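Observations on chain architecture
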Amino acid sequence: KWRFIPNGAVRIRNLNSGKVLGVSNMSTADSANVVQFADSGTADHLWTFLPDANGYFRIKNSNSGKVLAVQNASTANSAQVQQYTDTGSTDHLWRLRYSSGPNFRIQNLNSGKVLGVSNMSTADSALVVQYDDNGTADHLWTFF
C-alpha cells in the first residue's frame, strides 16, 4: 500500500529502478553521497519528511540524522545529492509534485530541479542527482 503524504520514517523507491534512496556505505558524515540501493531494511533507507514553510519539506535520514541536500547548493543538472547537517539552506528544502498513482516528483527549492538517478541507472549504488523535470521514469518516486 502506498502513502500519499509520507508520515513517519518511510522508504523512498524509484519507479525506474525499483531501488530505494540510501546513503553510500551507510555513512553518517556530511557530504556523503545519496545513492539508490536494493531495499535491505537498513536504517539509511529510512527517511522522515519534516514540514517546513510553504509546502516544502526537509527530508531527514534515520541513520545519520542529516537531511537531503545538493552538493554545494548547485543549480546545475546532474549535481550530486548528498546528506548534510540541517542548516536551513534552500537546497535542503524539497516539495512533492504529484504525478499519477502513487508516484511523485521531489523538487528542490533552490534549483527547481527534481530528484533523479544518474544516467537513469538501475544499478545498486548509482548516484542520486538533481535534473530538469523532463518526464523520465527515474524522476518518479513512491513512499512505503
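In case you missed it, the structure is sitting above this.
One structure accompanies this document, and this report is about it.

Cut-off values and rules
- Residues numbered from 1 in each chain as written.
- Predicted model: local features only at pLDDT ≥ 70, side-chain atom pairs only at ≥ 80, totals over all residues.
- Heavy atoms only, no water.
- Salt bridge = Lys/Arg side-chain N within 4 Å of Asp/Glu carboxyl O.
- Buried < 20%, exposed > 50% of the residue type's maximum accessible area, 1.4 Å probe, protein only.
- Helix = DSSP H or I, 4+ residues; strand = E, 2+ residues; numbered from the N terminus.
- Contact = heavy atoms within 4.5 Å.

**A few points about the pattern of salt bridges**
Scanning the entire structure with this criterion turns up 8 salt bridges. The partner of Arg58 in a salt bridge is Asp52, with the nearest N and O atoms 3.2 Å apart. Overall, Asp52 belongs to the partly exposed group, its relative accessible area being 35%. Note that Arg97 is salt-bridged to Asp133, the shortest N-O span being 3.2 Å.

**Things to note about the environment of Ala76**
Position of Ala76 relative to the elements: it lies in the loop between strand S7 (67-70) and strand S8 (81-84). What makes Ala76 partly exposed here is its relative accessible area of 37%. Separated by 45 residues in the primary sequence, Ala76 and Ser31 place their C-alpha atoms 17 Å from one another. When near neighbours in sequence (up to four residues on either side) are disregarded, Ala76 contacts Lys113 and Gln130.

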